[in-house]
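Remarks on the overall topology
Residue-level listing of the chains:
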Amino acid sequence: MTWDELKSSCESCKRCPLGETRTKLVFGTGNREAKLMFVGEAPGGEEDKTGIPFVGAAGKLFDKYLEAVGIDRNEVYIANILKCRPPQNRDPLPEEQDVCIDYLREQVRLIKPKMIVCLGRISAMRLISPDYRITKEHGKWVKKGQYDMTAVYHPSLLLRDASRRDEMLADMIEVARRYNEIK
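About the thresholds
- Residues numbered from 1 in each chain as written.
- Predicted model: local features only at pLDDT ≥ 70, side-chain atom pairs only at ≥ 80, totals over all residues.
- Heavy atoms only, no water.
- 1 Å grid on protein atoms, 1.4 Å probe; cavity = no way out; pocket = protein on both sides within 12 Å on 5 of 7 lines; lining within 4 Å.
- Points joined across faces, edges and corners; volume = space filled by probe spheres on them.
- Helix = DSSP H or I, 4+ residues; strand = E, 2+ residues; numbered from the N terminus.
- Pairing = 2+ DSSP bridges.
- Phe/Tyr/Trp six-rings, centres within 6.5 Å; stacked < 30°, edge-to-face > 60°.
- Axes fitted to C-alpha atoms, helices over the stretch in contact; angles between N-to-C directions.
- Parallel < 35°, antiparallel > 145°, perpendicular 65-115°, else oblique.
- Left-handed = near helix turned anticlockwise from the far one by under 90°.
- Contact = heavy atoms within 4.5 Å.
- Nonpolar A, V, L, I, M, F, W, Y, C, P; charged D, E, K, R; others polar.

**Describing empty space enclosed by the protein**
Empty space left among the atoms is revealed by rolling a probe the size of a water molecule over them. Tallied over the entire structure, the rule returns one cavity of 30 Å³ or more. Each pocket or cavity is described by its volume, and for the largest cavity that value is around 90 Å³. The wall of the largest cavity is formed by 14 residues, among which Cys-13, Cys-16, Cys-84, Cys-100 and Tyr-103 lie closest to the centre. Put simply, the parts of the chain that give the lining of the largest cavity at least two residues each are α2 (18–21) and α5 (94–111). Residue contributions to the lining of the largest cavity peak at four residues, all from α5.

**Some points on the sheet that holds strand β5 (residues 142–144)**
Spatially, β1-β3-β2-β4-β6-β5 is the arrangement adopted by the six strands of the open sheet, whose pairing is mixed. The open sheet has two edge strands with one neighbour each: β1 (29–30) and β5. Looking at chain direction, strand β2 (residues 36–40) and strand β3 (residues 77–80) are connected through four bridges and run parallel. Considered in β3, the bridge of Gly-40 is made with Asn-80.

**Here we look at the packing of aromatic side chains**
Throughout the structure, instances matching the rule amount to four aromatic pairs. Centroid distance Trp-3 to Phe-27: 5.8 Å. Interplanar angle 80 degrees. Geometry classified as edge-to-face. Taken together, the residues Trp-3 in helix α1 (residues 3–11) and Phe-27 in the loop between α2 and β1 connect sequence positions 24 residues apart. The interplanar angle of 50 degrees and the centroid separation of 5.6 Å between the aromatic rings of Phe-54 and Phe-62 together place this pair among those described as tilted.

**Quick notes on the packing of helix α4 (residues 57–69) against helix α9 (residues 165–182)**
With their axes 9 Å apart at the nearest point, α4 and α9 run at an angle of 50 degrees to one another. Taken together, the axes of α4 and α9 are oblique relative to one another. Judged by the twist between their axes, the crossing of α4 over α9 is right-handed. Seen from α4, the contacting residues are Leu-61, Phe-62, Tyr-65, Leu-66, Ala-68 and Val-69; seen from α9, they are Arg-165, Met-168, Leu-169, Met-172, Ile-173 and Ala-176. Grouping the amino acids of the contact of α4 with α9 by side-chain chemistry returns 11 nonpolar, no polar and one charged.

Keep in mind that these numbers describe shape and distance, not what the molecule does.
This is the structure in structure tokens:
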């Protein structure tokens, strides 16, 4: 599948009710040849308005972390498991993830990143391990197939719980260190 075919398929998707309620498809953004990919869980309100992942308050905080560790947002690719916003920003339901995950898999296949960083527990539970515990395992690296993977806190959590921001910075410093080795 090509990028255009994949995006077109996402745009016409009605596999779950979210395809009927979205304002805009939030496909993904960034470098389609990125060595580093970040994967969140689902679009929020601002993302649903713009069609771009991580542009709301959590996205602005995420951008500050990228800047702090010297990663240019334009060099990486950023996507979510879901391409449509769940109502009231609720957690994505397992059945919504099940019907949308193939779109993400195809994005990964086309990009061929070396590293995938899950943003938050839902992404980590879907991509790394169903029993992943973000508070205990964040920042730990695993090899899954050809990908080096880790998870960090979701920026929206850090907006609610500032006490975890130093842990996030430490994890992002390690992400940047590893990324600089493969650039």
